[in-house]
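Overview (structure and organization)
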Amino acid sequence: MDIKEKFGQRIRLVRKEKGLSQEELAEKSGLNRPYISAIEQGKRNVSLEVMEKLAVALETEINLLLL
């Protein structure tokens, strides 16, 4: 499993813990739902800016998304 897949799994886990759908996370982060889906599937190599948007939307710190 590569880092993109690990990051995607972590995003999915935190999103579900927060009780958010992909659509809700997309709205909160300013990203689109297919992009969120691709991140969770480990298909996208996200930038630091996208990581920050996801962390803010998930009300967490970036470093906690990298565990």
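Residues numbered from 1 in each chain as written. Predicted model: local features only at pLDDT ≥ 70, side-chain atom pairs only at ≥ 80, totals over all residues. Heavy atoms only, no water.

Now for the pattern of salt bridges. Inspection of every chain in the model, using the stated rule, returns three salt bridges. One salt bridge in this structure joins R12 and E40, with 3.3 Å as the shortest N-O distance. Remark: E40 occurs in helix α3 (residues 33-40) and R12 occurs in helix α1 (residues 3-17); sequence separation between them is 28 residues. As a salt-bridge pair, K28 and E59 come within 3.8 Å of each other at their nearest N and O atoms. Of this pair, K28 sits in helix α2 (residues 22-29) while E59 sits in the loop between α4 (48-57) and α5 (62-65), and the two are 31 residues apart along the sequence. Classification of E59 by relative accessible area gives exposed; the value is 60%. (Salt bridge = Lys/Arg side-chain N within 4 Å of Asp/Glu carboxyl O. Helix = DSSP H or I, 4+ residues; strand = E, 2+ residues; numbered from the N terminus. Buried < 20%, exposed > 50% of the residue type's maximum accessible area, 1.4 Å probe, protein only.)

Let us now look at the nonpolar core. By size, the foremost hydrophobic cluster in this structure holds 18 residues, and its most contacted members are F7, I11, I39, L54 and L65. Those elements that provide at least two residues to this core are α1, α2, α3 and α4. Setting aside residues up to four positions removed in sequence, I11 forms contacts with L25, I39, E40, L54, L58 and L65. (Core = buried A, V, L, I, M, F, W, Y, C linked by side-chain atoms within 4.5 Å. Contact = heavy atoms within 4.5 Å.)

On the secondary structure map, K18 appears in the loop between α1 and α2. Residue classification places K18 among the partly exposed residues on the basis of a relative accessible area of 41%. Along the primary structure K18 and E59 are separated by 41 residues, whereas in three dimensions their C-alpha atoms are 9.0 Å apart. K18 has contacts with L58 and E59, leaving out every residue within four places of it along the chain. At 3.3 Å, the side chain of K18 and the backbone oxygen of L58 are in polar contact. (Polar contact = N/O pair within 3.5 Å; in protein donor to acceptor, adjacent residues only side chain to side chain.)

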